[in-house]
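Okay, here's what each chain looks like letter by letter:
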Amino acid sequence: MLILLFYAGNDLYAIDSSYIVEVIPRVNLRKVQQVPEYVAGLFNYRGVVLPVIDLCHLIQGTPCKSHLSTRIMIVKYPRPNESVQYLGLMAQRVTETLSISNKDIRDSSIRVEEAPYLSGTIVDEKRIIQCVQLERLFSDERHTYLLMGEEN
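So, here's what we can say about the structure. It should be emphasised that the depicted structure is a prediction, and the values quoted were computed from it without experimental measurement.

Look at Gln-34: it is not a glycine, yet its phi comes out positive at around 65°. Mapping Gln-34 onto the fold places it in the loop between β3 (20-25) and β4 (39-45). On the accessibility criterion, Gln-34 (79% relative accessible area) is exposed. In this structure, Arg-46 is a non-glycine residue whose phi angle is positive, near 55°. Note on placement: Arg-46 falls in the loop between β4 and β5 (48-54). When its relative accessible area of 66% is taken as the criterion, Arg-46 is described as exposed.

As structure tokens, this is what we get:
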């Protein structure tokens, strides 16, 4: 399995690359009022308006810094009815991939109710990488309104 690595603050995270459609530079976003602060805004992606979630803000409570390596990952978000919605995920230092097998992912044994999307960990020779489980990113009913947009 190929994973894409990114940072939220100084901590390293990974997402399964099979969900990734494209990684693009940071773009100007249209701010949306009355949504959680981790919703960075909206932008036009090839004729479709996509919400962009700031993963640094969602995970650690502080917005992504504006660096050259701050990117937006366009992902296919799996919906319960088997349709797919595209979504932008903004993160810092989105510059590296890593090939692993499923057995390399260890159970972290810590479950945080407010962050059900954080799952297992990967340990290599120098670092601990926390996995982000995309299909659980919006498992909470309070956040499903973010996924009411166009289906593809």
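With that settled, consider the pairing of strand β2 (residues 11-16). Sheet analysis places strand β1 (residues 2-8) next to β2, joined by six bridges and oriented antiparallel. Counted as the bridge partner of Leu-4 is Ile-15 from β2. As defined by bridge partners, β2 adjoins strand β10 (residues 128-132) across two bridges and the pair is classed as parallel. Bridging across to β10, Ala-14 finds its partner in Cys-131.

What counts as what
Numbering of residues starts from 1 in each chain and follows the order in which that chain's sequence is written. For a predicted model such as this one, the threshold for reporting local features is a pLDDT of at least 70, and the threshold for listing and counting side-chain atom pairs is 80 or more; totals across whole chains, interfaces and linings nevertheless cover every residue. Side-chain metrics in this entry use all non-hydrogen atoms of the structure; hydrogen atoms and water are not considered. Strands here are runs of E lasting at least two residues and helices are runs of H or I lasting at least four, both read from the DSSP assignment and numbered beginning at the N terminus. Summary of the burial criterion: residues with accessible area below 20% of their type's maximum are buried, those above 50% are exposed, and those between are partly exposed, where the area comes from a 1.4 Å probe applied to protein chains only. Only when DSSP finds a minimum of two bridges between them are two strands counted as paired.

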